[in-house]
Amino acid sequence: MVPLLLPSSPIHSFPATPKLSFRSKPRPIIRAAAGLEVDSFTKKSGYLFQLSAFEAESLLDYSPSRIAAIYRRKPLILLRRLIQVGTTFGKWFGVRYIDNLMERSDQMFKVRAAELRKILVELGPAYIKIAQAVSSRPDLIPPSYLDELSLLQDRITPFSTEVALDTIEKELGLRIDELFSEISPEPVAAASLGQVYQARLRRSGQVVAVKVQRPGVQAAISLDILILRFLAGVVKKAGKFNTDLQAVIDEWASSLFREMDYRKEADNGLKFRRLYGGLKDVFVPNINMEHTTRRVLVMEWVEGQKLSEVKDLYLVEVGVYCSFNQLLENGFYHADPHPGNLFRTFDGKLAYIDFGMMGEFKQEFREGFIEACLHLVNRDFDALSKDFVTLGLLPPTAEKEAVTKALTGVFQDAVAKGVRNISFGDLLGNLGTTMYKFKFQIPSYFSLVIRSLAVLEGIAISSDPNYKVLGSTYPWIAKKVLTDSSPQLKSSLQALLYKDGAFRIDRLESLLTESLRARTEKALVKIQREEANSRVVFKEILYFTLTEKGSFVREILIEEFAKGLDALGLATLDSLTSVATTRIPFTGSSVSFMSKEDIINLRTFHRLMFLLAGLESNKKSFEEVNGVGNPNNNQSAYLEESSLLSYQPALVSEILAMLSIIPELPPELQQQLLRLPADLARRLISRASARTIQRIFL
């Protein structure tokens, strides 16, 4: 729902002393067959009717069996709707068939896709809602239809205000003039399930949005869901889909029924406000529970503009941060994030409204999603195919090699430009084509997650065509995988950083660098900050590694430092031995104490030192000049050792300069830092002892 009202919009005012008398009889229900005034949406559909009180109560929660039982007793209504739906879709499919016969399908695609969208709007709320969901389901429809269906919005002609006021009075048990001192004479927004009025509460004087449910919508949706389930069964068999289409319909029907109960929406809104209302520059309106029922919802008025209508890239960043908290921290997220539900308030905050459709992201899926992002960015497509199984996209029996090959073909070009240049929309489109081709299945929760991120990127692109939402989200993913205490994520980090026992320093560099770009709640700023200098980088890394959250990474770093210092000692011994043999006549060539593994450890040690000192540019120039770390370089191990050692004094000097930051650390972190040398020495002694024993007995 879109409770947007400009300050100049008219408001109907009631007198201070009400002159309206309380009606002893409720207003009659407006029926389409009675010839009374109804909205154009109802006229087009022609099926507005009411369920009995018993029937309505039996359908508070979605139940296919109860719906079927109700409409078995209403065969004429069911037959009329079947004919209407059948003839409407039949005409469209007939035209498409003629297009195929005349070989003009490609030329007429846009026309037919637009016609389909209009048909869905005319058929009513169930078809609109299902189509909105399907528009992010590339396993169900060809990708070519996604663009047109993504434009589908709730743009329905409002129903009679007289009916709306009558509904408010009956639901709340009070006259309109007793509830409100002012109310807009016409709705300020209308959608398929209901419409919104602006009003002022008489008791408190607060300006509120009053959402009123469309009459007959429960009966209409339950009838259409019954028909859709039947059609889904037919289509699944004819199209040979792997996805259980009836299960998809049931999932979305359940969410629709929850959305029709405004009491559940109110509970969602309160929970969303509790979890995210305290985030910087995020506004979540409060719900007035006293005046909320199953068919009427009263909430705090949001004054502002749709986020999609204003160019505010900062609020998009706020939305990315809030989405991260929703999806990957708490798992409770806004599942209907179309642009009409995101507002920019006049005081510059991002407002979320309409909490009818919310999603729950289970812990195992959250961790699977994080792992999938890590593997995607690091081009580990074999692991990514396994993530697809974890996320429920593929059955465990799927051929992993074929999937890996397909994913490599889809993603390798996209990720080659780097994570900051990956377009989420492009990824979704390319992946959608592959999924449709291979008939993959997509759980409903996953399509909601993808849709929420894709919507944010779409809004951002209108302000900055080069904006990439994944580039803004990945720093949070990197930070979470480095700091989370989950055993699964720790195992994933371990597997990411080590391959066949070898430490992959480049991946740690990437994760640390990206995590430093993550803007915490306190660090959100309206101007993109410049690249931090080396002192700031070193301080942030120290803060991270010395805290409890950084303990796992700290253990890895200490272990790699121990390996590096051990290798540095061997390299120094090699250097001294080499000098001695050159000065003593008649001696043979010196014997190196270093193994290939030691050389790798020494290289890793220097890269760690560069990373801590924030000397990326110097490191690159050094490696370019000396050829260090180049797998195609033919220089000897000795030359590499000598080059590293010759650069050592400058590097140590930089590190010593960085140590001036230590007094700025909190006392508890300083204490933690003082314990590190002892731990490092213990590991060095352990390595030296193990190497000595190995050389003696082997």
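You'll find the structure just up there.
Quantities reported herein were computed from a predicted structural model and do not represent experimental measurements.

Rules of the game
Residues numbered from 1 in each chain as written. Predicted model: local features only at pLDDT ≥ 70, side-chain atom pairs only at ≥ 80, totals over all residues. Heavy atoms only, no water. Phe/Tyr/Trp six-rings, centres within 6.5 Å; stacked < 30°, edge-to-face > 60°. Helix = DSSP H or I, 4+ residues; strand = E, 2+ residues; numbered from the N terminus. Buried < 20%, exposed > 50% of the residue type's maximum accessible area, 1.4 Å probe, protein only. Axes fitted to C-alpha atoms, helices over the stretch in contact; angles between N-to-C directions. Parallel < 35°, antiparallel > 145°, perpendicular 65-115°, else oblique. Contact = heavy atoms within 4.5 Å. Pairing = 2+ DSSP bridges. Core = buried A, V, L, I, M, F, W, Y, C linked by side-chain atoms within 4.5 Å.

(A) Region of interest: the packing of aromatic side chains. Per the stated rule, a full pass over the model turns up 11 aromatic pairs. When the ring of F272 is compared with that of Y276, the centres are 4.8 Å apart and the planes differ by 65°; the resulting orientation is edge-to-face. Taken as a pair, F272 and Y276 lie in helix α12 (residues 262-276) at a separation of four residues, close to a single helical turn. Across the pair, Y276 and F272 agree in class, each one buried. An angle of 70° between the planes, with centres 6.1 Å apart, marks the rings of F361 and F369 as edge-to-face.

(B) View of the packing of helix α4 (residues 75-101) against helix α5 (residues 109-123). Packing of α4 against α5 brings their axes to within 11 Å, and their N-to-C directions diverge by 180°. Classed by the angle they form, the pair α4 and α5 counts as roughly antiparallel. Together, R81, V85, T88, F89, W92, V95, R96 and D99 of α4 and R112, E115, L116, I119, L120 and L123 of α5 make up the contact between the two elements.

(C) Just the sheet that holds strand β11 (residues 350-352), in detail. Within the open sheet, the four strands sit side by side as β6-β11-β10-β8. Their pairing is mixed. Since the sheet does not close on itself, it has two edges, and those belong to β6 (282-283) and β8 (304-306), each with one partner. Helix α13 (residues 313-330) contacts β6, β10 (342-345) and β11 of the sheet and is inclined by roughly 45° relative to β11.

(D) Representation of the nonpolar core within the structure. F369, L482, L508 and L511 are the most contacted members of the largest nonpolar core, which totals 106 residues. The greatest single-element share of this core, amounting to 10 residues, is contributed by α13. The next biggest cluster of nonpolar side chains, apart from the first, holds 32 residues, and it includes I119, I227, L228 and L256.

(E) Expanded view of the pairing of strand β5 (residues 207-213). Across the seven residues of β5, six count as buried, placing the element largely inside the fold. Pairing of strand β4 (residues 194-201) with β5, which is carried by seven bridges, proceeds in the antiparallel orientation. Opposite R200, over in β5, you have V207 as the bridge partner. Connecting the antiparallel pair β4 and β5 is a turn made up of five residues, with G205 showing a positive phi of about 80°. Strand direction decides the pairing type here: β5 and strand β7 (residues 296-300), joined by five bridges, are antiparallel. By the bridge assignment, V208 is partnered in β7 with E300.

(F) Examining the side chain of N288 more closely. Checked against the element boundaries, N288 lands in the loop between β6 and β7. On the accessibility criterion, N288 (15% relative accessible area) is buried. The residues contacting N288, other than those within four sequence positions of it, are L201, V298 and M299.

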